[in-house]
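# Fold and contact review
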Amino acid sequence: MHLNCGQPLPLLRHTDVPPRVIENFILTGYRFPNYSLKDCLLSAFRPTNETGNFWTHFLPVFVFSYYFVEVFSWEGAPHGDAPFFYPFWNYFIGVFCLLMASSMAHLLNSMSLVVREVCFFVDYGTISAYTVGSSLAYYYYIHPQAGIVDKGSHNGSHTDLKHEPAEALTSPYAIPEFTVFFENFYIPSACMVAIICVLSCCNTRQKWRKHRYLIRTLVFLLPFLVSSTPVFYRLLTRSPYSSASSSFAASNSTATFFIRHCFWLVVSAVFNISKFPERLAPGRFDIWGHSHQWFHCCTFLSILDELHMIKAEVKAILLSPNLLLPPATLARLPGPTVLSTYGVMFLLQTTIISIIMWFSWQANSIYGPQRDQLAEEHPKKLLKCH
């Protein structure tokens, strides 16, 4: 099947591939499902309708890593393996897995129909893991109970509070009524919603096919709303920092980055649902410029602005290392631990892997028997030497 005399396998039209492989309004550039691993890897360097999908999430891995490591060189930043950075590393893990899984899914999905299903199951799983990684970063760096900066107190005493500006002492930023949700339900809710999203998105590959793009887009709106709760809280209340402090100046850009983050998410959703521009000219954007490539670009821009927002809050905390909660109101915010960060992500990933294995088993029972049939039915004359 794959002895093609060193020549790349031919690209096919939508009429020559199984219906399962066809994308709306994409007419040419298809790779036949039954590529070898080598064929798939080499296809990254030839124009197919998946080439742009691969590079628009593979190259951003390096861009994201470049901006990520900048934090560790900041003055006053602890060592990279310090507990303070545990949430930050979990956020990196979430983004890295998302970008790599997405790029590899688009590159390797032509090995077989079963592999295609598994690739995108993994893709959906990493998207959910990314949202929880974001939640951990939000929880520890943009926590709504963050209070005032007490430069002289390290153990909760308030002997030096008189040196703080009056507005810092009376800041209504921390609202005790929200304590129960943020301390007990925020991270569990983010994990639960992430699991629901994986189940829903995987199910759209076996059911609800007609409205799959709409469902996959809307189903990730819920984790965004849940994960972003600390940011909404921050934007709707007063800053926990004194307006005269360097921390206030550092975190002042949070609103701008978050608005841009939301903007790019909305634009990416529009591209994913509308299938613009290929809807307007089927066949013209088969290789370059179709909606999924723009969807990838906008998604990464939203992640990049999110990273800048988190970095702004990290810098604000580093400039105020003795950040305390309001005196005599709430206990000091517990710091990140291995269990509360890596432990959460490990448990979530284990659950997601179990879900992926279940749907993969179902996919194999559906498409596995078709593997040999597809190989026999595909015209071998397309593969003969010239």
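Residues numbered from 1 in each chain as written. Predicted model: local features only at pLDDT ≥ 70, side-chain atom pairs only at ≥ 80, totals over all residues. Heavy atoms only, no water.

### Looking at helix 6 (residues 179-203)
Using the following cut-off: Counting from the N terminus, the helices are DSSP H or I runs at least four residues long and the strands are E runs at least two residues long. Here a helix's expected span is defined as the number of its residues, less one, multiplied by 1.5 Å. Across the chain, bend at a residue is computed as the angle between axes fitted to the seven residues ending at that point and the seven starting from it.
Taking 1.5 Å of rise per residue, 25 residues should cover 36 Å, and helix 6 covers 35 Å from first to last C-alpha, within 8% of that figure. At F185, helix 6 shows its largest bend, some 55°, and a proline, P188, comes one to four positions later.

### Focus: the pattern of salt bridges
Here is the rule we go by: Between Lys or Arg on one side and Asp or Glu on the other, a salt bridge is scored when a side-chain nitrogen of the former is within 4 Å of a carboxyl oxygen of the latter. Each residue is placed in one exposure class: buried if its accessible area under a 1.4 Å probe, protein chains only, is under 20% of its type's maximum, exposed if it is over 50%, and partly exposed if it falls in between.
Throughout the structure, instances matching the rule amount to 6 salt bridges. Here R205 makes a salt bridge to E117, at a shortest N to O gap of 3.2 Å. You can see R205 sitting in the loop between helix 6 and helix 7 (212-219) and its partner E117 sitting in helix 4 (residues 113-141), a full 88 residues away along the chain. Across this residue pair, the class does not change: R205 and E117 are buried. Among the ionic contacts, a cluster of salt bridges with common partners joins R20, E117 and R205.

### Topic: the packing of aromatic side chains
Definition in use: Between the rings of Phe, Tyr and Trp (Trp by its six-membered ring), a pair exists once the centres lie within 6.5 Å; its type follows the angle of the planes, with under 30 degrees stacked, over 60 edge-to-face, and the other angles tilted. By definition, being over a ring means that NZ of Lys or CZ of Arg is both within 6 Å of the ring centre and within 35 degrees of the ring normal.
Evaluation of the coordinates by the stated rule reveals 37 aromatic pairs. Chaining the aromatic ring pairs together yields one cluster made of F64, F68, F72, F84, F85, F88, W89, Y91, F92, F96, Y130 and Y141. One Lys or Arg, R31, reaches over the ring of Y35 and ends 5.9 Å from the middle of that ring. The ring of W74 carries K315 above its face, with NZ or CZ at 4.5 Å from the centroid.

### Quick word on the nonpolar core
So the rule is basically this: As used here, the term nonpolar core means buried Ala, Val, Leu, Ile, Met, Phe, Trp, Tyr and Cys residues forming a set that is joined through side-chain atoms within 4.5 Å. Only heavy atoms enter the contact rule, under which two residues are in contact if any of them lie within 4.5 Å.
In terms of nonpolar packing, the biggest core is built from 84 residues, with F64, F88, Y91, Y141, I310, V314 and L348 touching the most fellow members. For this core, the element with the most residues is helix 4, which contributes 15 residues. Those residues within four positions of Y141 in sequence are excluded, and the remaining contacts are F84, F85, Y86, P87, F88, I310, E313, V314 and I317.

### Points about the environment of Y141
Let me state the cut-off plainly: In protein, a polar contact requires one atom able to donate a hydrogen and another able to accept it; more generally it is a pair of N or O atoms within 3.5 Å, and residues adjacent in sequence count only if both atoms are side-chain atoms.
As for its placement among the helices and strands, Y141 is situated in helix 4. Residues Y141 and F88 lie 53 residues apart in sequence; the distance between their C-alpha atoms is 9.0 Å. For Y141, the side chain forms a polar contact with the main-chain oxygen of F84, separated by 2.5 Å.

### Concerning the side chain of S134
Along the chain, the position of S134 falls in helix 4. Once residues lying within four places of it in the same chain are set aside, the contact partners of S134 are Y91 and E306.

### Things to note about the environment of E23
By the element assignment, E23 lies in the segment before helix 1 (37-42). On the accessibility criterion, E23 (28% relative accessible area) is partly exposed. Taking the C-alpha atoms as reference, E23 lies 9.6 Å from N49; in sequence the two are 26 residues apart. Contacts of E23, omitting those with residues within four sequence positions, involve Y30, R116 and Y213.

### Looking at the environment of R31
Secondary-structure assignment places R31 in the segment before helix 1. Along the chain, R31 and S43 lie 12 residues apart, while their C-alpha atoms are 8.8 Å from each other. R31 has contacts with L11, C40, S43, T48, E50, H106, L107, N109 and S110, leaving out every residue within four places of it along the chain. A polar side-chain atom of R31 sits 2.8 Å from the main-chain carbonyl oxygen of H106. In terms of polar contacts, R31 uses its side chain to reach the side chain of S110, at 3.2 Å.

### Some words on a nonpolar patch on the surface
Note the threshold: Patches here are clusters of residues that have more than 30% relative accessible area and form no salt bridge, with a 9 Å joining cutoff for like charges and a 5 Å cutoff for nonpolar side chains (Val, Leu, Ile, Met, Phe, Trp, Tyr). Computed by Shrake-Rupley with a 1.4 Å probe, the accessible areas treat only the displayed protein chains as cover when residues are assessed.
On the surface, L214, L218, L221, L225 and I273 cluster together to form a nonpolar patch covering roughly 410 Å² of accessible area. Turning to its location among the elements, L218 is positioned in helix 7. L218 gets classed as partly exposed once you look at its relative accessible area, which sits at 48%.

These figures capture arrangement, not role.
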